[in-house]
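Coordinate inspection notes
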Amino acid sequence: MSPKDCGLRNTVSLFVSVPESSDSLPTMLSHLWIQYQLDNYATVAEVLEHLRDINIEPSSTFSPPSSANYHLFVTDIEGNVAIIEFLDGGPRVYFNEYAPVPALCNLPYHRELKRLEAYQGIGGWIRRRLDPNKDIRFIKCAEALEEFRGAAGRAPVDYCFDLLENLQFERTKQWSAVYDVRHRRIHFRTARGLNTRYFDFHALDFSAEASPVVIEDIDIDTAGDISGQFVAFSREADRTIIARFLRSLVRFVAKSDDAEEMDLHMLSNYEMDVESYIDRALDITELIRNNRD
């Protein structure tokens, strides 16, 4: 396995996009569309074949900013790769050899590739020295992935985590994950749980009859296999997860740990306090789940 076989992901990157839509098709929020692909398709080819079956609504359900426009990295156990972006005129796809650098940052992929060309060679080295504050994470990632091919003996998962650490902005660092697609194992760390832990897909029951399970505390600070930490899904577990996520999000956006300041930010922007925000999110996720059932 190489880093190309892993999905490298710190957080979902945001960029401005306008998905093409059709009045004759159903519409999904971006978050749900992503889950729909995971639920229904096993290969990159299947995802691409059904790419225009559903409209994507870019508006975010709960979280600031008010839009969540994603570009997506898709891979499968055979090592196929696709980068999907929803731009004017509909989806744009870069498949296998047309995705020479299997990575995504904040800019549309074609712009990142152009920047990579501009930063290569002696001229690129000079530009980098003259403007050290420029965001060149994509360039750094491309170089690191190329260097890995000559790094004999390096453990791929460790190399991926080192790479992600070098690409992160300290202020926005929340979590990092390395997807070992070939071995069906997910390794991850969080800002509050720095140890590397993992779980195996073969330890979970994905059959239609199986009851859903969750990890209530993703920040659990233990190392190694946490497959046994999954618990049965419930409304209480759902509220715990949603509350932890949304409080962290509001804390970041409001730039304050003070509960009153957080409430004031939410009231001024959304006309609800943090608890009401959490309850609304919980009600919506329960409505979605009931509709799916």
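Look up a bit, the structure's there.
In what follows, the accompanying structure is described. These numbers were taken from a predicted model, which means no experiment stands behind them. (Residues numbered from 1 in each chain as written. Predicted model: local features only at pLDDT ≥ 70, side-chain atom pairs only at ≥ 80, totals over all residues. Heavy atoms only, no water.)

**Comments concerning the environment of Phe 161**
So the rule is basically this: Helix and strand assignments come from DSSP, with helices taken as H or I runs of at least 4 residues and strands as E runs of at least 2, each series counted from the N terminus.
When you line up the elements, Phe 161 lands in helix H6 (residues 156–167). Taking the C-alpha atoms as reference points, Phe 161 and Ala 177, 16 residues apart in sequence, are found 7.8 Å from one another.

**What about the packing of helix H5 (residues 137–148) against H6?**
Test applied: Fitting a line to C-alpha atoms yields each axis, with helices limited to the stretch in contact; the angle taken between N-to-C directions then spans 0 to 180 degrees. Here roughly perpendicular refers to angles of 65 to 115 degrees, roughly parallel to angles under 35, roughly antiparallel to angles over 145, and oblique to all remaining angles. By convention, the crossing between two helices is left-handed when the near helix turns anticlockwise from the far helix through less than a right angle, and right-handed when the turn is clockwise. Should any heavy atoms of two residues lie within 4.5 Å, those residues are counted as being in contact. Throughout this entry, Asp, Glu, Lys and Arg are counted as charged residues, while Ala, Val, Leu, Ile, Met, Phe, Trp, Tyr, Cys and Pro are counted as nonpolar. The remaining residues, Gly among them, count as polar.
At a minimum axis separation of 10 Å, H5 and H6 run at an interaxial angle of 160 degrees. Taken together, the axis directions place H5 and H6 in an arrangement best described as roughly antiparallel. Remark: the crossing between H5 and H6 carries right-handed chirality. In this structure, H5 uses Arg 137, Lys 140, Cys 141, Ala 144, Leu 145, Glu 147 and Phe 148 to contact H6, whose residues at the interface are Pro 156, Tyr 159, Leu 163 and Leu 167. Classifying every residue of the contact of H5 with H6 gives eight nonpolar, no polar and three charged.

**Topic: the nonpolar core**
Put simply, the test is: The criterion is simple. A nonpolar core is a set of buried Ala, Val, Leu, Ile, Met, Phe, Trp, Tyr and Cys residues joined through side-chain atoms within 4.5 Å. Burial here depends on accessible area, computed with a 1.4 Å probe over protein chains only, as a share of the maximum for the residue type. Under 20% is buried, over 50% is exposed, and the range in between is partly exposed.
Grouped together as the largest cluster of nonpolar side chains are 21 residues, with contacts concentrated most on Ala 99, Val 101, Tyr 109, Leu 116, Phe 138, Cys 141 and Leu 163. Of all elements in the fold, only strand S5 (81–87), helix H3 (109–118), H5 and H6 reach the threshold of two or more residues within this core. Considering each element in turn, this core owes the most residues, seven residues, to H5. Excluding its chain neighbours within four sequence positions, the residues that come into contact with Ala 99 are Val 81, Ile 83, Tyr 94 and Tyr 109.

**Let's talk about the pairing of strand S4 (residues 71–75)**
Keep this limit in mind: DSSP bridges decide pairing: two strands pair if at least two such bridges lie between them.
Bridge analysis of S4 against S5 gives five bridges, and the strand direction is antiparallel. Looking across to S5, one finds that His 71 is bridged to Glu 85. Two successive antiparallel strands, S4 and S5, enclose a turn made up of five residues, where Gly 79 displays a positive phi of approximately 90 degrees.

**What to know about unusual backbone geometry**
Positive phi is not limited to glycine here, since Asn 96 has a value of about 50 degrees. Topologically, Asn 96 is positioned in the loop between strand S6 (90–95) and H3.

**Observations concerning the packing of aromatic side chains**
Rules: Put simply, two rings from Phe, Tyr or Trp (the six-membered ring, in Trp's case) pair if the centres are within 6.5 Å, and we call them stacked under 30 degrees between planes, edge-to-face over 60, tilted for the rest. Criterion for a charge above a ring: Lys NZ or Arg CZ within 6 Å of the ring centre, and within 35 degrees of the ring normal.
This model, assessed by the stated rule, comprises eight aromatic pairs. Taking the centre distance of 6.3 Å and the plane angle of 15 degrees together, the rings of Phe 199 and Phe 201 count as stacked. Site record: aromatic cluster; members linked through ring pairs are Phe 199, Phe 201, Phe 206 and Phe 230. In this structure, Arg 189 packs its charged tip against the face of Phe 161, placed 4.2 Å from the ring centre.

**Description of the pattern of salt bridges**
Spelled out, the test is: Salt bridge, as used here, is a side-chain nitrogen of Lys or Arg placed within 4 Å of a carboxyl oxygen of Asp or Glu.
If you walk through the whole model with that rule in mind, you get nine salt bridges. Ionic pairing is found between Arg 235 and Asp 283, a salt bridge with its closest N-O pair at 3.5 Å. Here the residue Arg 235 occupies a position in helix H7 (residues 235–254), and Asp 283 occupies one in helix H9 (residues 274–292), the gap between them amounting to 48 residues. The closest approach of N and O atoms between Glu 275 and Arg 239, which form a salt bridge, is 3.0 Å. Of this pair, Glu 275 sits in helix H9 while Arg 239 is found in helix H7, placing the two residues 36 residues apart along the sequence. What makes Glu 275 partly exposed here is its relative accessible area of 33%. In the salt-bridge network here, residues are joined through shared partners; they are Arg 239, Arg 247, Glu 275 and Asp 279.

**Topic: the state of the cysteines**
In plain terms, the rule: Throughout, disulfides are identified as pairs of cysteine sulfur atoms within 2.5 Å of each other.
Under the criterion given, the structure shown has zero disulfides. The thiol of Cys 141 is unpaired, and the distance to the nearest cysteine sulfur, on Cys 105, comes to 6.2 Å.

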